[in-house]
Amino acid sequence: MSHSGVLNSHARGPASAHVIVCPVETWHRARRLLAGAVGLLAFGSPGVASSQEATTRTAAAPSGDSAKPIAPTVGTFREALDALFNHPAGLTSDAAAARSRMRSSEVAAKRADEAAAQAGTRDAALRFLPTLGARGSYARLSDVGSQALGAFAAAPASPLGPLTPGAPLVNQPLAFTVPRDMYSIQADVSLPVSDLALRLASKYAGAKHSARAAELTTRATERAVAAQARLTYYAWIGAETRRVVAESSLALARQQAADVEARARAGELSEADVLQTRSRVSEVELAVERARNAANSKADELRTTLHGPPGESYEIGETLWTDVPPFPGQADLEGLVAEAIRERLELRALSEGVAHAKSEAFAARTGVLPRLDLVGSAVYANPNTRYFPLQPTWHATWAVGGALSWNSGDALSGAAGGAAAGAQASHLEADLDALRDAVRAEVVRGHEAVRNAESAVTSMDKSLAAEEEVYRVRRALFRSGQSSLADLNEAENRLTRTRLAAVQARIDLRVARVALLHAVGRDR
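Note that the structure is a prediction, hence the values are computed from the model and not measured.

Calculation rules
- Residues numbered from 1 in each chain as written.
- Predicted model: local features only at pLDDT ≥ 70, side-chain atom pairs only at ≥ 80, totals over all residues.
- Heavy atoms only, no water.
- Pairing = 2+ DSSP bridges.
- Helix = DSSP H or I, 4+ residues; strand = E, 2+ residues; numbered from the N terminus.
- Axes fitted to C-alpha atoms, helices over the stretch in contact; angles between N-to-C directions.
- Patch = residues over 30% accessible without salt bridge, like charges linked within 9 Å, V, L, I, M, F, W, Y side chains within 5 Å.
- Areas by Shrake-Rupley, 256 points an atom, 1.4 Å probe, with all protein chains shown as cover.
- Salt bridge = Lys/Arg side-chain N within 4 Å of Asp/Glu carboxyl O.
- Buried < 20%, exposed > 50% of the residue type's maximum accessible area, 1.4 Å probe, protein only.
- Contact = heavy atoms within 4.5 Å.
- Phe/Tyr/Trp six-rings, centres within 6.5 Å; stacked < 30°, edge-to-face > 60°.
- Lys NZ or Arg CZ within 6 Å of the ring centre and 35° of its normal.

Taken together, the 4 strands give an open sheet; going across it, the order is 1-4-5-6, and neighbouring strands pair in antiparallel fashion. Only two strands of the sheet have a single neighbouring strand rather than two, namely strand 1 (131-140) and strand 6 (395-405). Direction aside, the axes of adjacent strands within the sheet are offset by 20 degrees on average. For strand 5 (residues 371-382) and strand 6, the ladder comprises 11 bridges, and the chain directions are antiparallel. Paired with Ser377 across the strands is Ala399, a residue of strand 6.

For the rest of this paragraph, the subject is a nonpolar patch on the surface. There is a patch of nonpolar side chains on the surface, built from Tyr138, Tyr183, Ile185, Tyr380 and Trp394 and spanning about 510 Å² of accessible area. Inspection of the secondary structure assignment puts Tyr183 in strand 4 (residues 181-192).

Topologically, Ser359 is positioned in helix 11 (residues 345-365). Among the residues examined, Ser359 registers a relative accessible area of 11% and is labelled buried. Those residues in contact with Ser359, other than ones at most four positions away along the chain, are Ser202, Ala205, Gly206 and His209.

Here we take up the packing of aromatic side chains. All told, the structure shown has 8 aromatic pairs when counted by the stated rule. Between Tyr233 and Trp236, the aromatic rings sit 5.8 Å apart at their centres with planes inclined by 55 degrees, giving tilted as the arrangement. Of this pair, Tyr233 and Trp236 both sit in helix 8 (residues 199-265), 3 residues apart, roughly one helical turn. Neither residue differs from the other here; Tyr233 and Trp236 are each classed as buried. Their ring planes at 75 degrees and their centres at 6.2 Å tell us that Trp236 and Tyr314 sit as a pair that is edge-to-face. With Trp236 in helix 8 and Tyr314 in the loop between helix 9 (271-305) and helix 10 (333-343), this residue pair connects regions lying 78 residues apart in the sequence. Exposure remark for Trp236: the relative accessible area of 3% places this residue in the buried category. Taking the relative accessible area as the measure of exposure, Tyr314 reaches 15% and is therefore buried. By way of ring pairs, the aromatic residues Tyr138, Tyr183, Tyr380 and Trp394 are connected into one cluster. The ring of Phe478 carries Arg263 above its face, with NZ or CZ at 4.7 Å from the centroid.

Shown next, in the form of structure tokens:
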């Protein structure tokens, strides 16, 4: 299902001159965000390999004292994790989301689109005002001489009124001189009465829907950017915890090597056992180096997401060990779906886009109707052509009236444009239905991920406690000669894997909650 660019490609057609943004594009960003969260939930991040994988790798890092020393005890592992988290001045997921939202170039672009849409609304409102025009002119005319209209009989010696019998008449020519300099100042006003009631009203309504869609899309983009920043933040925490687990595994490997060498000196183990444990230390050292590199890479990714300066470092301001409260309304899946349909900004923005397209369709169809305009003008001219004969004198005149017009080109264009805009509205309505279905699927997946993550936290906490005790017992038995090196290696591998899984389960729960909060529309 592909929705990307639907509003951009259709709402900017011939029937619309206003800016409309694409909430579906923002939803696709949100869907990619959820996919990223699912990827984080799939526990496949680089860490310390299993015993079978470890035996196939070749040592590629210096062993022994060149690596960072880590105390070997289980208590120290917990202390190392505690030292990693909950720094008072450290970065939290909320702070990461706020910084990303504030500095995001995507949000800045959407805000620019919103400003353009708001300007389109103001432009549509201004078109309700009468159209005013003014112009001044001067012309120098060619000399056409005195203009004669013939002759007429006059009684210059008689008073006005009927002539007395015998009054003398005089034959006089009728002629006048045309002024050669013409000056004119004119003001015009026009009011499109039919457009005010039909086309402009619909255009203004469409512009308001477009501006609202742009506003909602900006807010949706802010939420998507903030959620992505939270996911990047937790991915960084995951890399840092895997580094701690790898370093703790190295401490266990060195501890085991010391135990093996002690038993070898006592003649209880062979030199081959000593070499095997040294090889294992080298392998784990390589895993530690890879974990550190991965942590550095995730830190750089977080710095890029937050648009931080080069070299900026972060400390973790949250802790994974506090219990996460149940997701509000988690027991009512259909209620969560209904909330998402009601609250998701992408859906609301696309609904505004549908209303915009319908308004544009109605505005285009009004082109088939006759157009009625009220017009008026005022002229101050020398000479004023309304006065006869023309005289080199300033006179003011005015005129008001109406004009009813229709032409076949506008009618045909309006019918075609209305049909095209109506089809666009139908297309967007279909997209809206598809987007509702996609949002429902997103909520269902997020709900499942939260439930799975909650179960994983409970299960892995129990497993970790058990594997730590198993390793403690296995090591005590090995040191007393009652357990084999293979058994100790297996216990160590299981402990390392369980540590990774236990920490990752708590990260997964937070990642799943971020994704579900966004899917439901509760993120702010």
